[in-house]
Amino acid sequence: MVDYHAANNQSSIGGPPTYMEQENDWDRDMLLDPAWEKQQRKTFTAWCNSHLRKSGTQIENIEEDFRDGLKLMLLLEVIAGERLPKPERGKMRVHKINNVNKALDFIASKGVKLVSIGAEEIVDGNAKMTLGMIWTIILRFAIQDISVEQTSAKEGLLLWCQRKTAPYKNVNVQNFHISWKDGLAFNALIHRHRPDLIDYDSLRKDDPVTNLNNAFEVAEKHLDIPKMLDAEDIVNTARPDEKAIMTYVSSFYHAFSGAQKAETAANRICKVLAVNQENEQMMEDYEKLASELLEWIRRTIPWLENRTQEKTMNDMQAKQEDFRDYRRVHKPPKVQEKCQLEISFNTLQTKLRLNNRPAFMPSEGRMVSDINGAWHTLEGAEKGYEEWILSEIRRLERLEHLAEKFHQKAAIHESWTDGKEAMLTQKDYETSTLSEVKALLRKHEAFESDLAAHQDRVEQIAAIAQELNELDYYDSVNVNARCQKICDQWDTLGALTQNRKESLERTEKQLESIDELYLEYAKRAAPFNNWMEGAMEDLQDMFIVHNIEEIQGLITAHEQFKSTLPEANKEREAIQAIQSEVQKIAQSNGIKLGSANPYTTITPESIDNKWAKAMDMVPQRDKALQEELNKQNNNDSLRAKFATQANTVGAYIQAKMEEIGRISIEMNGTLEDQLTSLKEYQESIMSYMPEINTLEGYHQLIQEALIFDNQYTSYTMEHLRVGWEQLLTTIARTINEVENQILTRDAKGISQEQLFEYRASFNHFDKDHSGALQAEEFKACLISLGYDVENDKQKRSGQMVSDDFRALLIATGNSLGDSEFARIMGIVDPNGSGAVTFQAFIDFMSRETTDTDTADQVIASFKILAADKTFITADELRRELPPDQAEYCIARMAPYTGPDAVPGALDYMSFSTALYGESDL
């Protein structure tokens, strides 16, 4: 017989102390009590079967079924979770002894002292030794690990029972025998953990059998604790067996302690999943808002790029009014949405970093940079559209002026040509006298002079028509038709004039007489008449100017014209004197004159009438020019008002942009104080909005007055709008940065002093005050905070003056390792821009100095819920987690494909690593 007591005494010398002295808890004489032996046999058999059934087997007789050692080894493998040496399958006694010895060796290896229990006694079916061995196994594997407030296993189990049953009446647990006879202690334990299973108030202390049966049946049905004793075994014994009661109670302890672990694990998973669900909702909100903003930009850009020309000024001004509505009504909300989108994106990234989650990458085309690019394209289209509208208004204004001028000159020319073809085709010289023929010839020469004078007007009409065609005038077809008719008629007049001249010259040899005075009158009257018609045309000419200099130029030209009137009046009087001389000669010589000058149709009366009409037009022209001068003076006043307001607003925006840059660097006080100050500063800036609206009002008046330049200021409304939007966006981003710092501080437990220290170090190395550190600046900043990059870990050693720190670096030969610094730059600058923002800087420092949830912790929690399996089922998730989070896991967990997979098995390990970006969901 092997003496395991002696063997274990030798192995324990100088080694770790055994947890329990087996001989102190085992009284061989007590087994002689038949009632106790019966209770132990029944309890130990049920306890062993509760474990053996996991391997698909059980025992019927405790001393017989363990004799070959096979089920004993199997029992130890199940409860220890370890593999024992391969058993011998022979039927001989030596094979059975060897198997039992392997089991006893394994028990001894777990620090258990076996007193006088040998393999031969177990093989021979010694009931006392077999029960003693099973009790030793129960002590080691079911009771030994129970410890409450550093008490021993038995004391710990007793203390646990006392605490759990303390609130219940008629229950006073002082031991593991008579304290349990009435069954109330068993029911109290179940009710304490599962009040839904026991109606404790209905139990009676004087009915122990009912109490015990109730507890045993509920435990077997709902808690998976097999029935180890009958109620009569306990009630009919004066003092129940302590070992049997301890074994039974330990099963309750393990059942309820496992539930508590599962609840803790479920809480941890709920917390992690709640964070993930919130982050996914923010991602969905970002994607939706980004898609809607990009869709609005996509719809708006084609409208801004539409260059469909309008035919009239009214239609074009309607387009201009639509564009103003877009600027004032439709665009401002989208500016706010764009700003909110950037803030939401930054807040989401901060939360993901704080919860140790991978950074959020929006779907393709929805990055903040993509939105900024689309917005830049929108503003480019917007600027181009505004410029096109103004150029189109100028073009249409020019077209209307040219069209009116064309029709005016065409009407004058058509009036002049009326009847000229009939005059040139008549044959009056065939029956005329010599003097009449000569008169006709001179008259024709005068007509040729008149025709030549009108050549300039015809060329002007053709030139205006050509310009209208080049400017794409909408009624070019009618203009071209009228111009072509005039040109064709002009060619006809030229040919008829030449033909008539040749006819008169053929008869000139037969005619001698001509009245020189009539001829002279005709020759001088024709150009003078043409000059008067040209002057009247100029006096009625439409004009368009854009500034004071242009109108003053027209006034000067008009004054020069008026200065020529006295000389023109002398010419008129000289022409009239010729006619008077004709009358005088005729009267002196008794010559009977005809009713009209044979050489011209221009009569003295027509000259006087045209002269009087021209003189009436002069003051009208004076009035029109003066009104235009007043209009240009008013426009100049509008320019000055806009320039004064624009210069004030521009200087204000520039000053505030510089001021917010200084504020973001020089802010003091707590982050909450800084946030309050920034929001008050934001409100003060928004209070300046009436000044912007005033400027918009001036700008509208200028556009309505068709003013296209302003020499009093270099600012344009577009520049000031962009500057104002940039100012509002900058203050909003600064506020968001402080809010993210508060989130970082609260989530990571960073003190206010640490944040001040990080800010001070960051500002010290931010030499250009750009709000970001270049790589070398960031490297120096890390060293100044005591971060040893060479050793791949952070060593905060407090503040140190620069000279001392420089000396320390030289003395120790410390330097920043290139590989470690490259790793850090990959964390703080994932986009490779070469610059580190303050937010990325404090995220890195907080991550290096605080702990966060890890994928391993979540895997361990799922493993508890799965009862140590490498997979978990949907039913287990629904039982342990809230419904929404259970369904969240079921929808995202991949099927488990391991060798031990069962139908419906889910892979919780890959799911847990995916939560932290270590794999794909």
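Structure's up top.
The model shown is predicted, which means the values in this text are computed figures rather than measured ones.

Draft legend 1. Here's a closer look at the overall build of the chain. Scanning the chain from N- to C-terminus turns up 33 helices and 6 strands. Classification of the 921 residues of the chain by burial places 45% in the buried group. Of all intrachain contacts in the chain linking residues separated by at least 6 positions in sequence, the fraction that spans at least 24 positions is 75%. Split by element, the accessible area of the chain, about 46200 Å² in all, is 50% carbon and sulfur.

Draft legend 2. Local environment of the packing of aromatic side chains. Counted under the stated rule, the structure contains 31 aromatic pairs. Summarising the aromatic geometry, the rings of Y248 and F252 are spaced 5.9 Å apart at their centres and angled 40 degrees between planes, so their arrangement reads as tilted. Highlighted residues: Y248 and F252, both in helix α12 (residues 242-305), separated by 4 residues, approximately one helical turn. Each of the two residues, Y248 as well as F252, counts as buried. Through pairs of rings, three or more aromatic residues link up here, namely F176, W180, F186, F216, Y248, F252 and F256. Above the ring of W416, the side-chain terminus of K420 is found at 4.9 Å from the ring centroid.

Draft legend 3. Structural detail: helix α9 (residues 184-193). Of all 10 residues making up α9, 7 are buried, and the element is well covered by its neighbours. All buried positions along α9 are accounted for by L184, A185, F186, N187, A188, L189 and I190.

Draft legend 4. Representation of the environment of A446 in the model. Take A446: it is sitting in helix α16 (residues 434-470). By relative accessible area, which is 10% here, A446 ends up buried. For the pair A446 and K523, spaced 77 residues apart in the sequence, the C-alpha separation amounts to 5.9 Å.

Draft legend 5. Local environment of the pattern of salt bridges. Under the criterion given, the structure shown has 45 salt bridges. With its nearest N and O atoms 2.7 Å apart, the salt bridge here joins R53 to D224. Note that R53 is positioned in the loop between α2 (34-52) and α3 (62-65) and D224 in the loop between α10 (208-222) and α11 (231-235), a separation of 171 residues in sequence. For R53, a relative accessible area of 43% gives the class partly exposed. A relative accessible area of 53% means that D224 is categorised as exposed.

Draft legend 6. Main features of the nonpolar core. Of all hydrophobic cores here, the largest spans 77 residues; its most connected members are I137, W180 and F186. The element that contributes the greatest number of residues to this core is helix α7 (residues 127-143), accounting for 11 residues. Setting aside residues up to four positions removed in sequence, W180 forms contacts with C161, V173, N175, A185, F186, L189, L212, I234, I245 and V249. In terms of nonpolar packing, the next biggest core, distinct from the first, is built from 47 residues, F642, L727, L773 and I842 among them.

Draft legend 7. Highlighting helix α22 (residues 671-686). The end-to-end C-alpha distance of α22 is 22 Å, a good match for the 22 Å that 16 residues give at a rise of 1.5 Å each. Where α22 is concerned, the buried positions are L671, Q674, L675, L678, Y681 and I685. Within α22, the buried residues cover an arc of 125 degrees as seen down the axis, which keeps them to one side.

Draft legend 8. Examining the packing of α9 against α10 more closely. α10 packs onto α9 with a crossing angle of 35 degrees between their chain directions and a minimal axis gap of 8 Å. Both α9 and α10 take part in a crossing whose hand is left-handed. Mapping the contact onto sequence places L184, F186, N187 and I190 in α9 and N211, L212, N214, A215, F216, V218 and A219 in α10. Counted by class, the contact of α9 with α10 contains 8 nonpolar, 3 polar and no charged residues.

Draft legend 9. Examining the packing of helix α30 (residues 855-865) against helix α33 (residues 908-915) more closely. Following both chains from N to C, one finds α30 and α33 inclined at 150 degrees, their axes separated by 8 Å at the closest point. By the angle between their directions, the pair α30 and α33 is classed as roughly antiparallel. Of the two elements, α30 crosses α33, and the hand of that crossing is right-handed. Of the residues in α33, those touching α30 at A855, V858, I859, F862 and K863 are Y908, M909, F911, S912 and T913. Grouping the constituent residues of the contact of α30 with α33 by class yields 7 nonpolar, 2 polar and 1 charged.

So, how was this worked out
Each residue is numbered by its place in its chain's sequence as written, counting from 1. Whole-chain, interface and lining totals are the exception, using all residues; otherwise, since this is a predicted model, local features are given only for residues with pLDDT of at least 70 and side-chain atom pairs are given and counted only at 80 or more. With hydrogens and water set aside, each side-chain value is computed from the structure's full complement of heavy atoms. Helical segments are the DSSP runs of H or I of at least four residues, strand segments are the runs of E of at least two, and each set is numbered from the N terminus. Only protein chains enter the accessibility calculation, which uses a 1.4 Å probe. A residue is then buried if its area is under 20% of the maximum for its type, exposed if over 50%, and partly exposed in between. Two residues form a contact once any of their heavy atoms are found within 4.5 Å. Where accessible areas are quoted, they stem from the Shrake-Rupley method and a 1.4 Å probe; at the residue level, only the protein chains shown are allowed to cover. Whether two aromatic rings pair depends on their centres lying within 6.5 Å, for rings of Phe, Tyr and Trp, where Trp uses its six-membered ring; planes under 30 degrees apart make the pair stacked, over 60 edge-to-face, and the rest tilted. Two conditions define a charge located above a ring, namely a distance within 6 Å from the ring centre to NZ of Lys or CZ of Arg, and an angle within 35 degrees of the ring normal. Any carboxyl oxygen of Asp or Glu within 4 Å of a side-chain nitrogen of Lys or Arg constitutes a salt bridge here. Definition of nonpolar core: a set of buried residues of the types Ala, Val, Leu, Ile, Met, Phe, Trp, Tyr and Cys, connected through side-chain atoms within 4.5 Å. A helix is expected to span 1.5 Å for every residue after the first. Picture the helix axis, draw a direction to every C-beta atom, and the arc is the one those directions span. Angles run from 0 to 180 degrees between N-to-C directions of axes, and those axes are lines fitted to C-alpha atoms, restricted for helices to the stretch in contact. What makes a crossing left-handed is the near helix being turned counterclockwise from the far one by less than a right angle; a clockwise turn instead makes it right-handed. Three classes are used, and their members are as follows: Ala, Val, Leu, Ile, Met, Phe, Trp, Tyr, Cys and Pro are nonpolar, Asp, Glu, Lys and Arg are charged, and the others, Gly among them, are polar. Oblique is the label for any angle not under 35 degrees, not over 145, and not in the 65 to 115 range, which are roughly parallel, roughly antiparallel and roughly perpendicular in turn.

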